[in-house]
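In case you want the letters, here they are:
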Amino acid sequence: MEVLSRELEVARGTLYRYFSTREELLLDLYQRRQQQFVDALIEAAGAGISDEHFLRSWYDLSLADPTLIALRLRLTSVIEHNVDQQVLVETKRAMSDDFERLSAHLSGVLALPRPQVEQLVIALLALVLGAAQADAAPEIDISALPAEAVRIMGCFASETVFSSNAQLILSGLRQQS
């Protein structure tokens, strides 16, 4: 809480006035960042957007805020286990509202039935988390590596992993409808 209070330029006691634990603060921060992501994606995904542009927007907006990915990775494994149940329920309701708003919007924009859009949203959330892990590796100077090593590294870059697999997911859902 001390680091957070310094970054926010408020007294630590002020944070505890609103949040009883560090995890409650992180959960609130996650929910706000997730809401901003949903708002930005709804704005970016207007009528007539191509599948490629939609998926590119999803990827770019997901990685635009590194805090969102970091919080999402810790959400169920750490944060949610260390907050008051009532706080968790309230936050889950807000997340559900965001999920509903996004799904309703995308159903119209992507011309997909709502159940398939919900599957798409869940799959893309999981995919971007997994793909982002590829970028967590240390930077490597590829100029000294053999071509086959550079090629295989490129195959597992987050953008490559996300783009190719997201397109497969969306195409598969389109075939179902």
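Here the structure is a predicted model, which means the values were calculated and not measured.

Draft legend 1. Layout of the overall build of the protein. What the protein contains, in helices and strands, is nine helices and zero strands. For the protein, the α and β elements follow one another from N to C terminus as α-α-α-α-α-α-α-α-α. Within the protein, the proportion of its 177 residues that are buried is 33%. Sequence-distant contacts in the protein: of pairs separated by 6 or more residues, those separated by 24 or more amount to 68%. Across the protein, 15 positive and 24 negative side-chain charges occur, with their mean positions spaced 4 Å apart.

Draft legend 2. Up close: the side chain of Thr91. Within the element layout of this structure, Thr91 appears in helix H6 (residues 85-110). Side-chain polar atoms of Thr91 contact the backbone oxygen of Val87, separated by 2.9 Å. With residues near it in sequence (within four places) discarded, Thr91 still touches Leu27 and Gln31.

Draft legend 3. Geometry of the nonpolar core. One finds Phe54, Trp58, Leu106, Leu124 and Phe162 to be the most contacted residues of the largest nonpolar core, which totals 38 residues. Looking at this core, the elements with two or more residues in it are helix H3 (22-44), helix H4 (51-64), helix H5 (66-75), H6, helix H7 (114-134) and helix H9 (158-176). Sequence-distant contacts of Trp58, that is, excluding residues within four places in its chain, are made with Phe37, Leu41, Leu102, Leu106, Val121, Leu124, Leu125, Val128 and Phe162.

Reading the values: rules and limits
Residues numbered from 1 in each chain as written. Predicted model: local features only at pLDDT ≥ 70, side-chain atom pairs only at ≥ 80, totals over all residues. Heavy atoms only, no water. Helix = DSSP H or I, 4+ residues; strand = E, 2+ residues; numbered from the N terminus. Buried < 20%, exposed > 50% of the residue type's maximum accessible area, 1.4 Å probe, protein only. Contact = heavy atoms within 4.5 Å. Lys, Arg positive; Asp, Glu negative; His and termini not counted. Charge placed at Lys NZ, Arg CZ, Asp CG, Glu CD. Polar contact = N/O pair within 3.5 Å; in protein donor to acceptor, adjacent residues only side chain to side chain. Core = buried A, V, L, I, M, F, W, Y, C linked by side-chain atoms within 4.5 Å.

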